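# Descriptive structure summary
Next come the chains, spelled out residue by residue.
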Amino acid sequence: MKSTKEQRPPFVVRASSSSSPTGFSESISEILGDVSIFSAAGESILFKDLWDQKEGMAVVALLRHFGCPCCWELASALKDSKQRFDSAGVKLIAVGVGTPDKARILAERLPFPMDCLYADPDRKVTLFHLLPIQAKVLSRYEALRKAVKNYTIKATPDDRSSVLQQGGIFVFKGKQLLYARKDEGTGDHAPLEEILNICCTVPVA
């Protein structure tokens with residue numbers, strides 16, 4: 001009898017060193033579907049309404065919080081890759097811990113497209129607990145320095161307990177989970193080329 005892991009769809013990818021023993025639920029889109037978050041403009045929206053739940057492709061990047069310098073670096077890389085996502089018919093979605101006004105600080109100062117940025121002040125979507133900062137972030141010093149040239153700590157949530165979260169990335173096709181990765185620590189991010197390869201491999205309706 002095959003194990004549960006072997007029976008999973010071939011596009012579901014998990015980093016065994018950072019995911020839980022049971023991995024991510026493939027129904028996570030439905031689990032989070034009725035969770036309400038906010039656009040950077042302050043409008044309430046359900047998680048399931050962020051992309052087409054039938055055939056739409058989406059990359060959902062979970063930022064630690066809007067005042068995290070490493071998240072500014074990730075957001076900068078995502079912004080630089082947005083044209084490639086758009087060309088593949090993939091919707092880019094970044095969700096960070098904090099209020100919409102904090103999200104707007106990142107959007108305006110980085111800058112980052114506001115229509116791709118969402119706020120999760122009550123930590124309903126950002127599921128992961130904080131892990132130590134990764135030494136590998138030091139190898140990306142120049143990229144980090146460039147990303148935070150307009151950085152301000154004012155984007156940090158007023159509730160400092162809200163910064164005790166970790167990031168990650170999901171890739172969905174409709175409700176189907178194609179890829180899930182929990183960051184191994186602060187400053188650790190999923191390789192964007194890996195994400196882009198998945199997005200470009202899966203046919204978009």
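Residues numbered from 1 in each chain as written. Predicted model: local features only at pLDDT ≥ 70, side-chain atom pairs only at ≥ 80, totals over all residues. Heavy atoms only, no water.

Within an unreviewed UniProt entry, the label attached to the chain reads Thioredoxin-like fold, and the organism entered is Macleaya cordata.

### With respect to the nonpolar core
The following threshold applies: Put simply, a nonpolar core is a bunch of buried Ala, Val, Leu, Ile, Met, Phe, Trp, Tyr and Cys residues held in one set by side-chain atoms that sit within 4.5 Å of each other. Only protein chains enter the accessibility calculation, which uses a 1.4 Å probe. A residue is then buried if its area is under 20% of the maximum for its type, exposed if over 50%, and partly exposed in between. Only DSSP runs of H or I reaching four residues or more are called helices, and only runs of E reaching two or more are called strands; each is numbered from the N terminus.
Core analysis: the biggest nonpolar cluster contains 37 residues, and Val59, Phe85, Phe112, Leu117, Val171 and Ile195 have the highest contact counts within it. Secondary-structure elements contributing two or more residues to this core are strand 3 (57–63), helix 2 (69–87), strand 4 (90–96), helix 3 (100–109), strand 5 (117–119), strand 8 (168–173), strand 9 (176–182) and helix 5 (192–201). No other element matches helix 2, which puts seven residues into this core. In this structure, Phe47, Trp51, Ile93 and Leu177 belong to the second largest nonpolar core, which totals 18 residues.

### Considering the confidence of the model for the chain
Here is the rule we go by: A residue's pLDDT is the predictor's confidence in that residue, given on a scale from 0 to 100. Contact definition: two residues touch when any of their heavy atoms are within 4.5 Å.
When pLDDT is averaged along the chain, the result is 81, and 77% of the positions lie at 70 or above. Looking at the elements of the chain, mean pLDDT is at its lowest for strand 6 (residues 128–129), recorded as 56, and at its highest for strand 5, recorded as 98. Long-range and interchain partners of residues 1–22, a stretch whose pLDDT sits below 50, account for 30 contacts in this model, where long-range means more than four residues apart. Contacts for the low-pLDDT stretch residues 131–135, under 50 throughout, to residues beyond four places or in other chains number 13 contacts.

### Side note on the pattern of salt bridges
The line we're drawing: Here, a salt bridge means any side-chain nitrogen of Lys or Arg that lies within 4 Å of a carboxyl oxygen of Asp or Glu.
With the rule as written, the count across this model stands at seven salt bridges. Between glutamate 55 and lysine 173 there is a salt bridge, with the nearest N and O atoms lying 2.5 Å from each other. Remark: lysine 173 occurs in strand 8 and glutamate 55 occurs in the loop between strand 2 (44–46) and strand 3; sequence separation between them is 118 residues. Judged by its relative accessible area of 36%, glutamate 55 is partly exposed. A salt bridge links aspartate 183 to arginine 181, with the nearest nitrogen and oxygen atoms 3.6 Å apart. The pair aspartate 183 / arginine 181 is uniform in exposure class, with both members buried.

### Some words on the side chain of serine 39
Residue position: serine 39 is located in strand 1 (residues 36–39). On the basis of relative accessible area, serine 39 is assigned to the buried category, the value being 12%. Not counting chain neighbours up to four residues away, the residues in contact with serine 39 comprise Ile45, Pro100, Leu117 and Tyr118.

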